[in-house]
Amino acid sequence: MGGLGGTLPIAASDFAMKWDSLYKFLFGVCVFFFVIVIIPMIYFCIKYRERPGNIPDRSFTHNLGLEFTWTVIPTFVVIAVFGWGWYVYREFNNVPPNAQEIRVVAKQWTWTFQYDDGKTLVNELYVPVNKPIRLTITAEKADVLHSFYVPNFRIKKDAVPGMFTTAWFQSDKIGQHLVFCTEYCGADHSNMMAKIIVLSDEDYKKWQWGENVEIPPPVGLPWEDRSQKKAEVFAPKSLSGLALKGEKLVHGLGCMSCHADEKSPRIGPSYHGLYGKPRLLADGSTVIADENYIRQKIEFPQRQQVQGFQSGVMPSYAGQLNTEEMNALMAYMKSLQ
Ligand code: CUA
């Protein structure tokens, strides 16, 4: 199977190896069954073709042993494939708790990356090697569906306006890795590319502090950089972070008159210890206060009424925050643990 590996992009993440093993297994199973079905079929077609004087034996109806075998063996193969696929898929959805979070906003036709320290980059994502990175992905409001795809890492996740999705990776290959948009999103869809630049620990730290680092070469197939917009770095003006920007927004919008800074609730719940925790709803069910929940409460506060709070008090803030501001607000809430 060595030659087959050459048809896949270079494997540059944990998942890549895991998906590739599954893929190669599936490919092998397909080849095996193709051969054992097609070759005898051709042979039988020739050997038992209709010829004068060749009378078929009509007494033969079935072969229980054979039918049993070709039902049971494939059943086990299919169950094994399901189990294996489920295992790898689950890995992809289990983000390690120590992963560094980076927020991704897709819009026609660029990728914006927001770091917790307040840095915002367009079409370039710098990450340290061998460290888990969590991507919280969304698309700009009133934009279209995009999909974040890194062939070298074998990760792909939809970017949906008004919804937050999660992907994670850990790359062991220093270099530049190409990101494609893989959901048709309009005229410049095919140019909607970004680069993930995996740096050594040392270089990543330097980069974080704004020092110049040598950019490592592209990894994998040669590719042409056709991304529309060259990277721009919007460095924070002061020593602020994304969370601080969120805090300013929250104060600017007057949220604090009902929600308060301190840990005790007022008319509305306190933001402290809210993010990522279960919320008990009026109907007795619970929901995790993740990005999707918080966004919903901002835009449609009457939905998912929280137990112990009056309904219909909070006005909708739909349309008052753009997606990057929404991300800043999420970072702020997350910081209030
Ligand atoms: Cu964005 Cu295709």
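Residue numbers restart at each chain and count upward from 1, following the sequence in its written direction. A pLDDT threshold of at least 70 governs which residues receive local features in this predicted model, and a stricter bar of 80 or more applies before side-chain atom pairs are shown or counted, although totals over entire chains, interfaces and linings include all residues. Water and hydrogen atoms were dropped before computing side-chain values, which therefore reflect all heavy atoms in the structure.

This brings us to the pattern of salt bridges. One side-chain nitrogen of Lys or Arg within 4 Å of one carboxyl oxygen of Asp or Glu is enough to make a salt bridge. Within this structure, the stated rule accounts for 14 salt bridges. Glu101 serves as the salt-bridge partner of Lys334, at 2.5 Å between the closest nitrogen and oxygen. With Lys334 in helix 8 (residues 323-335) and Glu101 in strand 1 (residues 100-107), the pair connects residues that are 233 residues apart, well separated along the chain. A 1.4 Å probe rolled over the protein chains alone gives each residue an accessible area, and that area as a share of the maximum for its type sets the label: buried under 20%, exposed over 50%, partly exposed in between. Residue classification places Lys334 among the partly exposed residues on the basis of a relative accessible area of 29%. Glu101 sits in the buried class, given a relative accessible area of 4%. Residues joined in a network through salt bridges with shared partners are Glu101, Arg103, Arg134, Glu291 and Lys334. A run of H or I in DSSP counts as a helix once it spans at least four residues, and a run of E counts as a strand once it spans at least two, with each numbered from the N terminus.

Attention now goes to the packing of aromatic side chains. Between two aromatic rings, the relevant description is the distance of the centres plus the angle of the planes. Aromatic rings from Phe, Tyr and Trp, with only the six-membered ring used for Trp, were paired whenever their centres fell within 6.5 Å, and each pair was classed as stacked if the ring planes differed by under 30 degrees, edge-to-face if by over 60, and tilted otherwise. In total, this model carries 14 aromatic pairs according to the counting rule given. Both rings, one in Tyr23 and one in Phe27, keep their centres 6.4 Å apart while their planes meet at 25 degrees; by these two values the pair is stacked. Pair noted here: Tyr23 and Phe27 are both in helix 2 (residues 14-47), with a separation of four residues, about one helical turn. Ring centres 6.3 Å apart and planes at 75 degrees place the aromatic pair Phe113 and Phe148 in the edge-to-face group. Taken as a pair, Phe113 in strand 2 (residues 110-115) and Phe148 in strand 6 (residues 146-150) lie far apart in primary sequence, 35 residues in all. Both residues of the pair, Phe113 and Phe148, belong to the buried class. Feature note: the residues Tyr115, Tyr126, Tyr204 and Trp207 constitute an aromatic cluster, connected by ring pairs. Look at NZ for Lys and CZ for Arg. If either is within 6 Å of the ring centre and within 35 degrees of the ring normal, a charge sits over the ring. Positioned above the aromatic ring of Trp207, the side-chain terminus of Lys119 is 4.9 Å from the ring centre.

This brings us to the pairing of strand 5 (residues 133-139). In terms of burial, strand 5 is a largely internal element, six of the seven residues being buried. Paired strands, as defined in this entry, are two strands with at least two bridges between them according to DSSP. Direction of pairing for strand 1 relative to strand 5: parallel, over a ladder of seven bridges. Across the sheet, residue Arg103 finds its bridge partner in strand 5, namely Thr136. The sheet contact formed by strand 5 and strand 8 (residues 165-169) spans five bridges and is antiparallel. In the strand pairing of strand 8, Ile137 is matched with Thr165.

Another point: the domain arrangement of the protein chain. Throughout the structure description, domain borders are defined by an automatic or database domain assignment. Per the domain assignment, the segments of the protein chain are domain 1 (4-93), domain 2 (100-208) and domain 3 (241-335). Taken over C-alpha atoms, the centre of domain 1 sits 52 Å from the centre of domain 3.

Let's shift gears to the packing of helix 5 (residues 242-252) against helix 8. Where helices are involved, their axes are fitted lines through C-alpha atoms of the stretch in contact, as for all axes, and angles between N-to-C directions lie from 0 to 180°. Here helix 5 crosses helix 8 at 100 degrees, and the two axes come no closer than 7 Å. As far as their axial angle goes, helix 8 and helix 5 are roughly perpendicular. Contacts from Leu242, Ala243, Lys245, Gly246, Glu247, Leu249 and Val250 of helix 5 reach helix 8 at Glu324, Glu325, Asn327, Ala328, Leu329, Ala331, Tyr332 and Ser335. All amino acids are sorted into three groups, where Ala, Val, Leu, Ile, Met, Phe, Trp, Tyr, Cys and Pro are nonpolar, Asp, Glu, Lys and Arg are charged, and the leftover types, Gly among them, are polar. Taken together, the residues of the contact of helix 5 with helix 8 break down into eight nonpolar, three polar and four charged. Orientation is classified from the angle alone, with under 35 degrees giving roughly parallel, over 145 giving roughly antiparallel, 65 to 115 giving roughly perpendicular, and any other angle giving oblique. The contact criterion used throughout is that any non-hydrogen atoms of two residues lie within 4.5 Å.

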